[in-house]
Amino acid sequence: MRTVLKVVDNSGAKKVMCIQALKGKKGARLGDTIVASVKEAMPNGKVKKGKVVYGVVVRAAMQRGRCDGSEVKFDDNAVVLVDKQGQPIGTRVFGPVPHELRQKKHVKILTLAQHIA
């Protein structure tokens, strides 16, 4: 894996590196949960550098087809950090978030998001 992803919430981490995708062996797509290691963190945040955390992929550069025939793809790869139960660690989510997260049962992330794409 070893993909470096941007963290788009206010949990304190800036960048994480993917260790493992929790579903399948191919990798993580939009809405998938991953295990990651914090590579960059703010000095007074909730998570520290080196901590192993869970995250939900909210933006992926790889395109994903929608049921109406259109495709969605983003400029960067981004995650929102969550705990083991799937609840977000931060209280805000920055940038656009796709509405496919609703089917993956991540409604709490959608309520915190500023813009739903």
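This text goes with the structure placed above it.
Everything numeric in this text was worked out from a predicted model, so none of it was measured. (Residues numbered from 1 in each chain as written. Predicted model: local features only at pLDDT ≥ 70, side-chain atom pairs only at ≥ 80, totals over all residues. Heavy atoms only, no water.)

(A) Structural context of the pairing of strand E2 (residues 13-21). Judged from the three bridges that link them, strand E1 (residues 4-7) and E2 form a sheet pairing that is antiparallel. Counterpart to Leu-5 in the pairing with E2 is Val-16. Counting the residues between successive antiparallel strands, the hairpin from E1 to E2 contains five residues, one of them, Gly-12, with a positive phi of roughly 115°. The pairing of E2 with strand E3 (residues 33-41) spans seven bridges and is classified as antiparallel. Considered in E3, the bridge of Met-17 is made with Ser-37. (Pairing = 2+ DSSP bridges. Helix = DSSP H or I, 4+ residues; strand = E, 2+ residues; numbered from the N terminus.)

(B) The arrangement of the side chain of Ser-11 in detail. You can see Ser-11 is positioned in the loop between E1 and E2. According to the relative accessible area criterion, Ser-11 is buried, its value standing at 0%. Engagement of the side chain of Ser-11 in a polar contact is seen with the side chain of Asp-9, the distance being 2.9 Å. The contacts of Ser-11, once residues within four sequence positions are left out, are Gly-45, Lys-46, Val-47, Leu-81, Ile-89 and Gly-90. (Buried < 20%, exposed > 50% of the residue type's maximum accessible area, 1.4 Å probe, protein only. Polar contact = N/O pair within 3.5 Å; in protein donor to acceptor, adjacent residues only side chain to side chain. Contact = heavy atoms within 4.5 Å.)

(C) Local environment of the side chain of Ser-37. Summarising the element assignment, Ser-37 is placed in strand E3. For Ser-37, a relative accessible area of 11% gives the class buried.

(D) Spatial organisation of the pairing of E3. Taken together, the five bridges between E3 and strand E4 (residues 52-59) define a ladder with antiparallel strand orientation. Bridge pairing in E4 places Ser-37 opposite Val-52.

(E) Just the pattern of salt bridges, in detail. Within this structure, the stated rule accounts for four salt bridges. For Lys-104, the salt bridge goes to Asp-32, with nearest N and O atoms at 3.1 Å. On the criterion of sequence distance, the pair formed by Lys-104 in the loop between strand E8 (93-97) and helix H1 (107-112) and Asp-32 in the loop between E2 and E3 is long-range, its members being 72 residues apart. Lys-104 sits in the partly exposed class, given a relative accessible area of 30%. When the shortest N-O distance is used, the salt bridge between Arg-59 and Asp-76 registers 3.1 Å. Residue Arg-59 is found in strand E4, and its partner Asp-76 is found in the loop between strand E6 (71-72) and strand E7 (78-82); the two are separated by 17 residues along the sequence. Here the salt bridges share partners, and the residues they tie into one network are Lys-6, Arg-59 and Asp-76. (Salt bridge = Lys/Arg side-chain N within 4 Å of Asp/Glu carboxyl O.)

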